[in-house]
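Commentary on secondary and tertiary structure
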Amino acid sequence: MEIQWWQILLLTIYAGWAFYDGNNTTFGMVKPTMAGFFAGLVLGDIQTGLVVGGTLNLLVLGIGNFGGASIPDYMTGALLGTAFAIQSGQGAEFGVTLAIPIGLLMIQLDILARFSNTFFQHRAEKFIGEGKYDKAATMNLLGIIPQSLSRMLPVFLALVFGSAFVELVVNNLPMWLMNGLKTAGGILPSLGIAILLHYLPVSANIMYLIAGFVLAAYLKVPVLGAALVGLAMAIHSFQSEKDEVQQAAAAVNAGGDMGDE
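This one's a predicted model, so the numbers in the text were calculated from it and none came from an experiment.

Take the nonpolar core next. Of all hydrophobic cores here, the largest spans 33 residues; its most connected members are Leu11, Tyr14, Leu56, Leu79, Val155 and Leu159. When neighbours within four sequence positions are excluded, Leu159 is seen to be in contact with Ile3, Ile8, Leu11, Leu80 and Ala83. Membership of the second largest hydrophobic core comes to five residues, among which are Phe120, Ala124, Ala136 and Met139.

Structure follows, in structure tokens:
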């Protein structure tokens, strides 16, 4: 399919807004799943967008850019991967294959954007020292511009020249590289889940992990069904602990009353 100018415009604006949202409003627009969904919605293939975005979302589980660290930008990868997958007609697997190196490449632009942002921050510090707090606040808002542009420009340029780029990739990308990227795309989601489990209290809740695994792997229960079972188990556990606390409190009060007599 041939991408239209208004579709390029919407995806470009989304890239800038999503990056702002990830650092400020936190509506979740920066998540790869949401980016893939939006790209699929704009381009008329929501299913492909959700598959691409959802796969990329698994890659970032348990990973955060704490302390200003730069991590792969799979939001941009989801936008472009979905767009190229739909545009080329190669399917979601092709989109994920392209999205992974795009997300890794965006690390360099993220570093450049953060570096350029120091200009505005130094100006803000100067204004604070002079007591000009309104101007300092303006500098902090202007600092959003280079970081948003670091996403908007690559998305815009890639979509504008997308047809030639997609054709070049499809015709010239070696099969060994394609197979390697597909293998990495299959392994990295497992790595993301492993990193997430490393920071969760798994040993104290191993029974829930086993139950979820059995539901998904052996009983083929959909994700929503497994989540509802987990919710029911969590509510039961909460109610049980609440009852134990109330019983303990009642026992303490009863013992105190007997002592007073």
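On we go.
Its 12 residues place the ends of helix 2 (residues 32-43) 16 Å apart at the C-alpha level, agreeing with the 16 Å of an ideal helix rising 1.5 Å per residue. What helix 2 keeps buried is the set Pro32, Ala35, Gly36, Ala39, Gly40, Val42 and Leu43. Looking straight down helix 2, one finds its buried side chains confined to an arc of 165°; they lie on one side. Residues of helix 2 that are buried make contact with helix 1 (5-23), helix 3 (46-59) and helix 4 (74-88). Note on helix 2: the residue one or two positions beyond its end, Gly44, has a positive phi of about 85°.

Moving on: the packing of helix 2 against helix 4. Contact pair helix 2 / helix 4: the axes reach a minimum separation of 8 Å and the direction vectors enclose 30°. Classed by the angle they form, the pair helix 2 and helix 4 counts as roughly parallel. Both helix 2 and helix 4 take part in a crossing whose hand is right-handed. Contact with helix 2, carried on its side by Pro32, Ala35, Gly36, Ala39, Gly40 and Leu43, involves Tyr74, Met75, Ala78, Leu79, Thr82, Ala83 and Ile86 of helix 4 and no other residues of that element. Class assignment of the residues belonging to the contact of helix 2 with helix 4 gives a composition of 10 nonpolar, three polar and no charged.

Within the fold, Thr82 resides in helix 4. Look past the residues within four positions of Thr82 in its chain and what remains in contact with it is Gly36, Ala39, Gly40, Gly49, Val52 and Gly77.

This next bit is on the packing of aromatic side chains. Under the definition given, this model contains three aromatic pairs. Here Phe119 and Phe120 contribute two aromatic rings whose centre-to-centre distance is 5.3 Å and whose plane-to-plane angle is 80°, an arrangement assigned as edge-to-face. Seen in terms of ring centroids, Phe213 and Tyr218 are 5.9 Å apart; in terms of plane orientation they differ by 80°. Their pairing is edge-to-face.

It is worth spelling out the confidence of the model for the chain at this point. Looking at the chain as a whole, the pLDDT averages 79, with 82% of positions reaching at least 70. Confidence scores differ between elements of the chain, with helix 8 (residues 162-172) showing the lowest mean pLDDT of 60 and helix 2 the highest of 91.

Before going further, it helps to examine the pattern of salt bridges. Enumeration over the complete set of coordinates arrives at three salt bridges. Two residues, Glu130 and Lys126, come together in a salt bridge whose shortest N-O distance is 2.8 Å. Taking relative accessible area as the criterion, Glu130 reaches 39% and is therefore assigned partly exposed. Judged by relative accessible area, Lys126 falls into the partly exposed class, the value being 41%. Across the pair Lys132 and Glu130 runs a salt bridge whose closest N-O atoms are separated by 3.4 Å. What makes Lys132 partly exposed here is its relative accessible area of 37%. Within the structure, one salt-bridge network assembled from shared partners comprises Lys126, Glu130 and Lys132.

Thresholds applied
- Residues numbered from 1 in each chain as written.
- Predicted model: local features only at pLDDT ≥ 70, side-chain atom pairs only at ≥ 80, totals over all residues.
- Heavy atoms only, no water.
- Core = buried A, V, L, I, M, F, W, Y, C linked by side-chain atoms within 4.5 Å.
- Buried < 20%, exposed > 50% of the residue type's maximum accessible area, 1.4 Å probe, protein only.
- Contact = heavy atoms within 4.5 Å.
- Helix = DSSP H or I, 4+ residues; strand = E, 2+ residues; numbered from the N terminus.
- Expected span 1.5 Å × (residues − 1).
- Arc of directions from axis to C-beta.
- Axes fitted to C-alpha atoms, helices over the stretch in contact; angles between N-to-C directions.
- Parallel < 35°, antiparallel > 145°, perpendicular 65-115°, else oblique.
- Left-handed = near helix turned anticlockwise from the far one by under 90°.
- Nonpolar A, V, L, I, M, F, W, Y, C, P; charged D, E, K, R; others polar.
- Phe/Tyr/Trp six-rings, centres within 6.5 Å; stacked < 30°, edge-to-face > 60°.
- pLDDT = per-residue confidence, 0-100.
- Salt bridge = Lys/Arg side-chain N within 4 Å of Asp/Glu carboxyl O.

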